[in-house]
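# Commentary on secondary and tertiary structure
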Amino acid sequence: MKRWLNKKQNETKPNKADWEKTLEKSNDFTRSNYINQKSNVHFCLTFIATLVDEQIIQQGVLPYLLEGELKTLEDIKKTVPSADVEISNDQTVIDKKILNGYIMLTIDSEPEHFAFIATQKEIVRSLSPPEIEFSVIGPKEAFVESLGQNLNLIRKRLPVKELIIEEYTLGSLSQTKVAVLYMEGITNEDNINTVKQRISEVEFDAITDSSYIVQLISDNSNSPFPQLLDTERPDRIAGILAEGKIAIVVDGSPHVLIAPTTLIEFFSSFEDYFLNWILASFFRLIRGCAVLFSLLVTPIYVAVLSYHYELIPKDLLGTLVTSRRQIPLPPILEALFLELTIELLREAGARLPTKVGQTIGIVGGIVIGTASVEAGLTSNVLLIIVALAALASFTTPVYKMGNTIRLLRFPFLIFAELWGLLGIVFAFCIMLTHLIRLTSLGRPFLEPFYPPRATDLKDAFIRLPFNKQTLRPLFLRTKNRTRYNKKKATEKKDIDE
Amino acid sequence: MPNLPIEDRFKISPFLVFYMITSMQIGIGVLGYQRLIAQYANEDAWISVLIAGSLIHIIVWMMYKIMETVDGDLVTAHIYVAGNFIGKLLSTFFVFYFFTYSLTILRSYLEVIQVWMFPTMSIFWFTLAYLLLCIYIIYGGFRTVVGIAFFGIVLPAYLFLIFGFNLKFANFEHLLPILDNSFKDILLGSYHMSLTFIGFEIVLFFYPFIKNPQKSKKWAHLAILTTTLLYTGLMMLTLSFFSEEQLRKSIWATLTMWKIVQMPFVERFEYIGIATWSLVILPNFCISLWVASRLLKRIFNLQQKKGVFLISITNLIVINFIDTREQVGLINDYTGKAGFIFTFLYIPLLLVMVLIVKKVKKK
């Protein structure tokens with residue numbers, strides 16, 4: 001019986017293989033036969049028309065195959081001027097190769113062997129300036145959707161052999177290529193291993209963007225805080241690689257991931273490093289205040305007007321009370337109404353095409369705002385506060401963190417309504433605990449504040465000048481902490497010397 | 001239970017001991033210790049504070065001596081001195097001690113909230129919320145607890161700048177004449193500082209969690225020095241800000257001092273102060289819960305996860321039964337006394353015992 005089965009299998013072999021049966025259902029599956037003009041060898045090309053570049057086939061492959069010396073498959077390596085020619089007898093790789101844009105070449109005389117010639121069609125969007133992380137000063141290149149192009153952008157900024165690029169293929173259906181980048185001799189081994197392990201453990205069918213990876217490999221996926229930073233700036237990636245961090249590039253995504261990160265990095269824009277340190281520090285402080293303002297100001301308004309009238313001096317209270325005199329709603333409803341309006345505007349603006357989006361902004365912001373004050377639904381003081389808070393939340397340089405901050409306002413509002421100022425502090429304590437517990441690749445997320453590390457504070461709230469930053473960040477536990485030798489840098493000894 | 005060594009990644013740097021001690025010491029006592037001390041020592045009350053603080057340095061030295069000798073926490077010391085069974089029995093008292101401590105702190109703070117902010121604040125719901133937060137913190141491990149202690153000191157530190165407003169109205173002649181009171185009265189004042197000063201004894205319980213415990217010594221002493229100077233300074237300011245009569249009537253002198261703050265956009269600053277104070281209370285409450293549950297683990301081998309729940313639920317039930325001002329005062333007194341007995345009587349005694357046992361064992 002067994003023997004009979006085996007025999008049967010042997011007989012079916014000349015018939016179509018599984019991959020062929022499935023692929024034949026697609027219309028772009030192409031198979032064409034040719035005859036070599038010199039040796040009269042019959043050969044057959046199999047490929048998927050939508051994946052290959054016809055120009056390469058017509059100019060770089062076919063003429064050589066038709067007119068060159070072609071007797072065996074080995075001859076292809078000599079005749080076809082392409083670096084990526086492979087001859088194999090492994091049936092299992094056929095579908096993968098064909099689906100990656102190779103053409104398969106078979107000769108009747110050698111049915112067991114197949115040659116693969118690379119003819120992929122690369123559709124690359126041309127480089128464009130960064131849109132989300134725009135900076136007035138500094139390079140204007142941004143990543144695109146092609147892995148090769150992105151790696152090129154990084155490599156040319158760090159042309160040293162220490163830059164290591166390791167590739168993985170993730171996603172059972174999407175077969176997405178993911179590259180892990182780090183600097184050998186600088187980046188901490190534990191961090192590299194953690195990233196590699198987490199990436200190789202990813203189980204998912206289709207990974208279409210780097211944000212999938214973020215969610216699949218973060219330490220705590222139930223946190224509103226993003227734990228991996230994503231950027232579209234190649235210069236930022238070069239900068240963080242030199243610091244000793246790890247970059248993860250995902251094919252098909254214009255956003256490259258950075259790990260490990262700390263909370264403060266989400267509030268520092270890369271432009272800070274292009275500016276003079278005094279200005280950069282000033283802008284960072286402004287941004288820090290903006291975040292606190294955006295988070296706390298509406299809850300404080302609700303807390304004060306619901307519970308703590310006494311907190312406000314008489315004169316200021318007069319202004320507040322006058323503006324609220326005809327409002328029928330309690331402060332919490334008033335605040336929620338306005339906050340939700342702003343969220344609606346933002347969401348509508350984000351979903352609509354740019355030009356319509358702007359109009360919506362104007363209509364929503366001005367018309368709804370003014371109308372609701374005139375209709376007596378909201379006080380104009382609160383309108384100012386909410387608008388300012390929304391504005392402040394947009395100063396966050398990282399888009400994902402801005403979203404988090406806007407979301408966090410709502411629990412704060414609810415606690416403010418419950419217990420007034422006490423509730424705000426309570427909500428703050430919850431947030432603080434959550435942040436203390438958070439880690440990014442096992443490194444504390446709140447560093448350098450907790451655990452307190454004075455040396456890393458040089459690049460936190462303020463950014464000290466480069467000549468004060470001779471060491472790499474402590475929390476990365478880099479193998480080589482010195483960025484440059486300070487002694488070599490010339491120093492003035494005295495006035496006029 | 002085998003004395004398992006703590007893994008390195010759960011340990012804390014020696015300097016964080018500073019924040020642990022200060023955040024545990026500064027708590028509910030600071031809001032109103034002045035009246036109590038001034039009752040005995042009058043204008044010399046600040047000397048009482050100074051004396052109490054200096055004595056604590058000796059106790060801290062003793063604590064470190066005990067822990068170095070037995071190389072472990074208080075439970076190890078007890079077992080070292082009295083054997084496994086009696087040692088663990090002795091340690092059980094400290095579960096109650098820290099349970100009461102946490103209860104005292106939270107209930108006194110609730111008293112402040114009820115008197116100053118929300119007269120109808122529900123004890124049950126607030127305690128429940130606070131306990132849930134603490135469980136969340138403790139589940140994050142010891143490092144999270146220390147983190148809360150750190151922020152519990154650093155973030156509310158701005159409150160001490162506020163006393164600058166009181167300087168304008170301070171009359172430092174109130175402090176004169178110096179040393180007009182009998183030494184006994186001054187010492188009585190020192191004795192009543194117990195509740196405000198206790199908290200430093202927690203080192204006895206988290207000692208195995210310190211990296212390089214030798215190095216943490218100086219930080220422990222620095223912490224005591226800081227709180228002593230802080231309390232002394234605040235005491236002097238209070239004495240010179242209030243008249244004797246006024247102070248006698250101010251149960252929460254510190255809060256009353258905040259009342260005079262006036263800024264263009266804020267009046268009645270004590271509301272902000274009290275709200276911020278919940279961040280100061282949090283480490284107090286949280287660390288005592290942590291210590292109590294840690295002790296349960298060390299003594300009864302109970303998982304700390306379950307221990308925290310057990311203590312929290314007991315806390316939640318018992319706190320409802322303390323509902324009058326007198327009872328709050330009473331439990332404050334008892335905790336103060338227990339703290340005094342623990343730190344000033346029990347620790348020296350334990351040190352002597354440990355040293356004797358060490359000599360016997362050597363022979």
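Cut-offs used in this document
Residues numbered from 1 in each chain as written. Chains lettered and ligands numbered in written order. Predicted model: local features only at pLDDT ≥ 70, side-chain atom pairs only at ≥ 80, totals over all residues. Helix = DSSP H or I, 4+ residues; strand = E, 2+ residues; numbered from the N terminus. Rg over C-alpha atoms; globule rule 2.2 N^0.38 Å. Contact = placed C-beta atoms within 7 Å. Buried ≥ 20, exposed ≤ 12 C-beta atoms within 10 Å, placed from the backbone. Pairing = 2+ DSSP bridges. Axes fitted to C-alpha atoms, helices over the stretch in contact; angles between N-to-C directions. pLDDT = per-residue confidence, 0-100. Nonpolar A, V, L, I, M, F, W, Y, C, P; charged D, E, K, R; others polar. Expected span 1.5 Å × (residues − 1). Domains from an automatic or database assignment. Parallel < 35°, antiparallel > 145°, perpendicular 65-115°, else oblique. Left-handed = near helix turned anticlockwise from the far one by under 90°.

## Points about the overall build of chain B
Within chain B one finds 16 helices and zero strands. In summary, chain B has a C-alpha radius of gyration of 20 Å against a globular reference of 21 Å for 363 residues, a match within 12%. Based on the C-alpha atoms only, the size of chain B along its principal axes is roughly 65 × 45 × 35 Å. Taking the intrachain contacts of chain B between residues at least 6 apart in sequence as the baseline, contacts between residues at least 24 apart amount to 83%.

## A word on the overall build of chain A
Along the backbone of chain A there are 15 helices and 12 strands. Relative to a compact globule of 497 residues, whose C-alpha radius of gyration would be 23 Å, chain A shows 31 Å and is clearly more extended. Expressed as lengths along the three principal axes of its C-alpha atoms, the size of chain A is roughly 100 × 70 × 50 Å. Of all 497 residues assigned to chain A, the portion counted as buried reaches 35%. The long-range share in chain A, meaning contacts at least 24 apart out of those at least 6 apart in sequence, stands at 63%.

## Focus on the sheet that holds strand E6 (residues 163-170) of chain A
Note on sheets: strands pair through backbone hydrogen bonds, and any given pair is parallel or antiparallel. Residues and elements named next belong to chain A. An order of E6-E7-E9-E10-E8 is seen for the five strands of this open sheet, with the pairing classed as antiparallel. The outermost strands of the open sheet, each flanked by one partner alone, are E6 and strand E8 (229-231). On average, adjacent strands in this sheet sit at an angle of 25 degrees to one another, irrespective of strand direction. Relative to strand E10 (residues 256-259), strand E9 (residues 246-250) runs antiparallel, the two sharing three bridges. By the bridge assignment, Ala247 is partnered in E10 with Ile258. On the sheet, helix H6 (residues 147-155) packs against E6, strand E7 (176-183), E9 and E10 and is oriented at approximately 10 degrees with respect to E7. Sheet strands touched by helix H9 (residues 234-243): E6, E7, E8, E9 and E10. Its angle to E7, the strand with the most contacts, is close to 50 degrees.

## So, the confidence of the model for chain A
All names here are of chain A. Confidence along chain A averages 86 in pLDDT terms, with 95% of residues attaining 70 or more. Looking at the elements of chain A, mean pLDDT is at its lowest for helix H1 (residues 2-12), recorded as 48, and at its highest for E9, recorded as 95. Predicted confidence for residues 7-14 stays below pLDDT 50, and this span has zero contacts to residues more than four positions away or in other chains.

## Quick word on the interface of chain A and chain B
On the side of chain B, 25 residues touch chain A, which itself brings 20 residues to the contact. It is helix H15 (residues 399-437) of chain A that contributes the most residues to the side of chain A that touches chain B, 11 residues altogether. Broken down by class, the residue content of the side of chain A that touches chain B amounts to 16 nonpolar, two polar and two charged.

## Thoughts on the sheet that holds strand E1 (residues 29-35) of chain A
Residue and element names in this part refer to chain A. Taking strand neighbours across the sheet as the criterion, the five strands line up as E1-E2-E4-E5-E3 in an open arrangement whose pairing is antiparallel. In this open sheet, the two edge strands, each paired with only one partner strand, are E1 and strand E3 (85-88). Taking the axes of each pair of neighbouring strands and ignoring which way they run, one obtains an average angle of 25 degrees across the sheet. With four bridges joining them, E3 and strand E5 (residues 110-118) adopt antiparallel strand pairing. Residue pairing for E5: Glu86 is matched across the bridge by Phe116.

## A word on helix H14 (residues 380-393) of chain A
Residue and element names in this part refer to chain A. Along its 14 residues, H14 runs 20 Å from first to last C-alpha, staying within 8% of the 20 Å computed at 1.5 Å per residue. Of the positions making up H14, those classed as buried are Leu382, Leu383, Val386, Ala389, Ala390, Ala392 and Ser393. Buried residues in H14 make contact with helix H10 (277-306), helix H12 (331-351), helix H13 (354-374) and H15.

## Looking at the pairing of E9(A)
Residue and element names in this part refer to chain A. Burial analysis of E9 places five of its five residues in the buried class, the great majority of the element. Along E9, one buried face is formed by Ile246, Ile248 and Val250 and the opposite face, lined by Ala247 and Val249, is buried too. Both E7 and E9 contribute to a ladder of four bridges, which runs antiparallel. By the bridge assignment, Val180 is partnered in E9 with Ile248.

## Regarding the domain arrangement of chain A
Residues and elements named next belong to chain A. The assigned domain composition of chain A is domain 1 (11-118), domain 2 (147-261) and domain 3 (275-444). Computed from C-alpha coordinates alone, the two centres of domain 2 and domain 3 are separated by 34 Å. Taken together, the contacts link 15 residues of domain 2 with 13 residues of domain 3. The biggest single contributor to the side of domain 2 that touches domain 3 is helix H7 (residues 189-200), with three residues. Of the residues in the side of domain 2 that touches domain 3, the class split is eight nonpolar, six polar and one charged.

## Some remarks on the packing of helix H4 (residues 74-116) of chain B against helix H14 (residues 270-300) of chain B
All names here are of chain B. Relative to each other, H4 and H14 sit at 160 degrees, their axes nearing to 9 Å. Classified by the angle between their axes, H4 and H14 sit roughly antiparallel to one another. In this structure, H4 meets H14 at a crossing whose hand is left-handed. Considering only residue class, the contact of H4 with H14 consists of 21 nonpolar, five polar and three charged.

## Quick notes on unusual backbone geometry
Residue A:Glu447 is joined to A:Pro448 through a cis peptide bond whose omega torsion reads 5 degrees. A positive phi angle, close to 55 degrees, is found at B:Asp71, a residue other than glycine. Structurally, B:Asp71 can be placed in the loop between helix H3 (45-70) and H4. Overall, the presence of 13 C-beta atoms within 10 Å leaves B:Asp71 in the partly exposed class. Residues other than glycine seldom take positive phi values, yet B:Arg268 does so here, at roughly 50 degrees. Looking at the secondary structure, you find B:Arg268 in the loop between helix H13 (253-258) and H14.

## A closer look at the pairing of E5(A)
All names here are of chain A. Here strand E4 (residues 102-107) pairs with E5 via five bridges, running antiparallel. Residue pairing for E5: Met104 is matched across the bridge by Phe116. Between E4 and E5, which pair antiparallel and follow one another directly, the connecting turn spans two residues.

## Focus: the packing of H3(B) against helix H16 (residues 325-362) of chain B
Residues and elements named next belong to chain B. Remark: H3 packs on H16, axes separated minimally by 9 Å, with the N-to-C direction vectors making an angle of 35 degrees. Of the two elements, H3 crosses H16, and the hand of that crossing is left-handed. Across the interface between the two elements, Ile59, Met62, Met63, Lys65, Ile66, Thr69 and Val70 of H3 pack against Thr343, Phe344, Ile347, Pro348, Leu350, Leu351, Val354 and Lys358 of H16. Classifying every residue of the contact of H3 with H16 gives 11 nonpolar, two polar and two charged.

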